[in-house]
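These are the residues of each chain, in order.
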Amino acid sequence: MTSTPSVVQNSGQVLPAGHEPANLGDILERVLDRGIVIAGDIRVSLLDIELLTLKLRLVIASVDTARQIGIDWWEHDPWLSSRARPPVEPGPRDPEEVEAERRPRVAARARRRDVGREEWDEIDG
Amino acid sequence: MRSTVEARTGTGDTGRWLHGVLREADLGLLSGLPGMTGEPVRPVRAAGLVAVVSAVPLTEYGEEALHRNLEDLAWLERVARAHHRVVDALAGAGAVVPARLATVHHDDGRVAASLTERRAELAALLDRLTGRGEWGVKGYVVPGAVPQAEETAGPGGAGAAYLRRRRAQLTAREDVQRNAAAAAAAVHEALSRHAVAARRHAPQDRRLSGAPTAMALNGAYLVDATAAAGFAGLVETLGARHPELRLELTGPWPPYSFVAERPAEPARVREPAW
C-alpha cells in the first residue's frame, strides 16, 4: 500500500499530491478525535480534553451544516455531552471544585456556539 | 485510574510518546524515522507487538506542559503533523493501530505494560486492518447544479414582487441543501457497500476545509488495497451521477477512523429529518 495521498475530483482526474503536506483540518480531526485511546501515565485531564475537543469541533464542524444534514453528534458524543460522560477524573484536585468550575465554562460555550470562529481566527491571524 | 502523584514520580526527564502499535513483521525501515523532536522513533516490544514511540522532554510534554500547550493551536498543529508523519510512514509499511494524540507513558516498561494489557484487542485490530487503507471522501455542495423553477408572475406591486423573489431565493437555497443532503446520503451508501467499514464524520467548517461551499459529506471508508482502484473509480462514477455534489477523495490514510473502541456504527447513517 502506498501512502502517497491522491486527490480525485469529479473531472475524473487523479492528482497525486506528492509530498504536499496533508490538509491540516483532515489531520487534526483524525489525530484528535480518532485513533485508539490507550491510557498513558501522563494525562491531560478529561476537563481539558473536553474543552479542547469542544473548541476544535466547533471549528471543524459547522453546527448549522451538521444540523441541516441531520447529524447531531454533539448530543450523543461522550466527550461532549455531560449527560453521557462519567464524572470528572478524581485526582489531587477536589472533584467538586473541578465540577463546579467546569459547569459554567461548558455552559458558556454551549451558549456561544460561534466561539470556534474566534479561535480559528487566531490561527489565521 | 492512576493519580497525578504517581505520574510525577517517574524516572528521568523524558516520557514516551506513543505513535502506534504494529506487528514485528510490519516494522519495516524504522531506523532514522524522525519523531516528535526530530530524534528517531524507537520500538518497544511486548506481547508479540511493537509500540513505536518518541522520547519527549517532560518540560514540553509533561502533564502541566500539555495542559498549556494543547491550548496553543500553533503548537498543536506542529505536534499533530509530526505525529501524523510517523503514523503515516508506519502505515506505508504495514498494518498499524494509530494512537490518539498525546498518549504519553513514563518509560518503556509502562508502554510494554499497556501493550500486554490490551494485547488481544490490538491483535484483533491489526488483523482487521491488514491489507486495508482508509480513504476519505468529502462532498461539497454545488449550488445551481439542479435547475430551479422560474419566477412566476403574480398580483401586487413592486413590494409583493420583492417578497415573492425573496421567498423563491430562500426556497431555492433550501432545495440546494436538501438535494445535497440526499446526494450525500446516496453517495455514502454506495461507497459503504464497496468498503469493509464506513464512518460518516461531522462535516468540516468552510474555514477549515478552505472550500467555497459547504461540506455535506465527510466520510471515511476502510478499503482493501486490492479494491482501492475500484473504489476510486466508484467515486468518479458517483461524482458524475450527482452533479449537486463535488466529491473529493483523499488517501490512503492510516486507519485512524477504524480503531476507536466505540460501538460499531451502522454503515447506513440516520436519514435526515425531512
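The shown structure was predicted, so the numbers you read here are calculated from the model rather than taken from an experiment. (Residues numbered from 1 in each chain as written. Chains lettered and ligands numbered in written order. Predicted model: local features only at pLDDT ≥ 70, side-chain atom pairs only at ≥ 80, totals over all residues.)

Engineer: Explain the overall build of chain A here, please?
Structural biologist: Of the regular secondary structure elements, chain A holds 5 helices and 2 strands. Written out in order from the N terminus, the α and β elements of chain A read β-β-α-α-α-α-α. For chain A, buried positions account for 28% of its 125 residues. Pairs at least 24 residues apart make up 53% of the contacts formed inside chain A by residues separated by at least 6 positions. (Helix = DSSP H or I, 4+ residues; strand = E, 2+ residues; numbered from the N terminus. Buried ≥ 20, exposed ≤ 12 C-beta atoms within 10 Å, placed from the backbone. Contact = placed C-beta atoms within 7 Å.)

Engineer: Teacher, can you tell me more about the confidence of the model for chain A here?
Structural biologist: Residue and element names in this part refer to chain A. Averaged over all residues, the pLDDT of chain A is 52; the fraction at 70 or higher stands at 18%. When pLDDT is averaged over each element of chain A, helix α1 (residues 24-33) comes out on top at 81 and helix α5 (residues 115-124) at the bottom at 38. Here residues 62-93 scores under 50 on pLDDT; set against residues more than four positions off or in separate chains, the count is 52 contacts. (pLDDT = per-residue confidence, 0-100.)

Engineer: Please clarify how unusual backbone geometry should be interpreted in this entry.
Structural biologist: Residue and element names in this part refer to chain B. For the bond running from Gly 251 to Pro 252, omega is 0°, close enough to zero to count as cis. Within the secondary structure layout, Pro 252 lies in strand β9 (residues 245-253). Within the chain, Ala 47 stands out as a residue other than glycine whose phi angle is a positive 55°. Position of Ala 47 among the secondary structure elements: in the loop between β2 (42-46) and β3 (49-57). Judged by C-beta crowding, with 16 C-beta atoms within 10 Å, Ala 47 ranks as partly exposed. Even without being glycine, Ala 102 reaches a positive phi, approximately 70°. Inspection of the secondary structure puts Ala 102 in the loop between β4 (96-98) and β5 (104-105). For Ala 102, a count of 23 C-beta atoms within 10 Å gives the class buried.

Engineer: Can you walk me through the environment of A:Ile36 in this structure?
Structural biologist: By the element assignment, A:Ile36 lies in the loop between α1 and α2 (46-60). In this structure, A:Ile36 is in contact with B:Val97, B:Pro98, B:Ala99, B:Arg100, B:Val259 and B:Ala260, ignoring residues within four places of it in sequence.

Engineer: I'm lost on the domain arrangement of chain B in this one. Help?
Structural biologist: Residue and element names in this part refer to chain B. In terms of domains, chain B is made up of domain 1 (4-129) and domain 2 (132-258). On the side of domain 2, 5 residues touch domain 1, which itself brings 6 residues to the contact. Within the residue set of the side of domain 1 that touches domain 2, elements represented by two or more residues are α4 (73-93) and β4. Considering every element that reaches the side of domain 1 that touches domain 2, the biggest residue donor is α4, with 3 residues. Class assignment for the residues of the side of domain 1 that touches domain 2 results in 5 nonpolar, no polar and 1 charged. (Domains from an automatic or database assignment. Nonpolar A, V, L, I, M, F, W, Y, C, P; charged D, E, K, R; others polar.)

Engineer: Would you mind showing me how to read the confidence of the model for chain B here?
Structural biologist: Regions with low pLDDT carry predicted coordinates that are not meant to be interpreted in detail. All names here are of chain B. The pLDDT averaged across chain B works out to 85; a share of 87% of its residues lies at or above 70. Per-element confidence in chain B is highest for helix α9 (residues 228-241), whose mean pLDDT is 97, and lowest for helix α1 (residues 4-8), whose mean pLDDT is 40. In this model, residues 1-10 is a region of pLDDT below 50 whose contacts with residues beyond four sequence positions or in other chains number 14 contacts. Confidence drops under pLDDT 50 across residues 263-274; counting only partners more than four residues distant or on other chains, this segment forms 16 contacts. Reported for the predicted complex are a pTM of 0.70 and an ipTM of 0.79.

Engineer: Quick question: what am I supposed to make of the packing of α1(A) against α4(B) here?
Structural biologist: A packed helix pair is summarised by two numbers, namely the angle formed by the two axes and the spacing between the axes. Packing of α1(A) against α4(B) leaves a shortest axis separation of 10 Å and a crossing angle of 80°. On the basis of their axis angle, the class for α1(A) and α4(B) is roughly perpendicular. Two secondary-structure elements touch here, α1(A) through A:Leu24, A:Ile27, A:Leu28 and A:Val31 and α4(B) through B:Glu77, B:Ala80, B:Arg81, B:His83 and B:His84. When its residues are assigned to classes, the contact of α1(A) with α4(B) shows 5 nonpolar, 2 polar and 2 charged. (Axes fitted to C-alpha atoms, helices over the stretch in contact; angles between N-to-C directions. Parallel < 35°, antiparallel > 145°, perpendicular 65-115°, else oblique.)

Engineer: I tried to follow the environment of B:His242 on my own but got confused; where do I start?
Structural biologist: By secondary structure assignment, the location of B:His242 is in the loop between α9 and β9. In this structure, B:His242 is in contact with B:Ala183, B:Ala186 and B:Val187, ignoring residues within four places of it in sequence.

Engineer: So what exactly am I meant to see when it comes to α1(A) here?
Structural biologist: What sets the pattern is the α-helix's 3.6 residues per turn: residues three or four places apart point alike. Burial of α1(A) is extensive: 8 of the 10 residues sit out of reach of the surface. All of the buried residues in α1(A) are A:Asp26, A:Ile27, A:Leu28, A:Glu29, A:Arg30, A:Val31, A:Leu32 and A:Asp33.

Engineer: Can you help me understand the nonpolar core in this one?
Structural biologist: For soluble globular proteins, nonpolar side chains are generally found buried alongside one another. Ranked by size, the top nonpolar core spans 76 residues in total, and within it B:Ala51, B:Ala184, B:Ala216, B:Tyr221 and B:Leu245 carry the most contacts. Looking at which domains feed residues into this core, each of domain 1 (4-129) and domain 2 (132-258) of chain B supplies at least three. (Core = buried A, V, L, I, M, F, W, Y, C linked by C-beta atoms within 7 Å.)

Engineer: How should I be thinking about α4(B) in this particular structure?
Structural biologist: Helix length check: α4(B) (21 residues) gives 30 Å between terminal C-alpha atoms against 30 Å at 1.5 Å per residue, within 8%. Regarding α4(B), the residues found buried are B:Leu76, B:Val79, B:Ala80, B:His83, B:His84, B:Val86, B:Val87, B:Asp88, B:Ala89, B:Leu90 and B:Ala91. (Expected span 1.5 Å × (residues − 1).)

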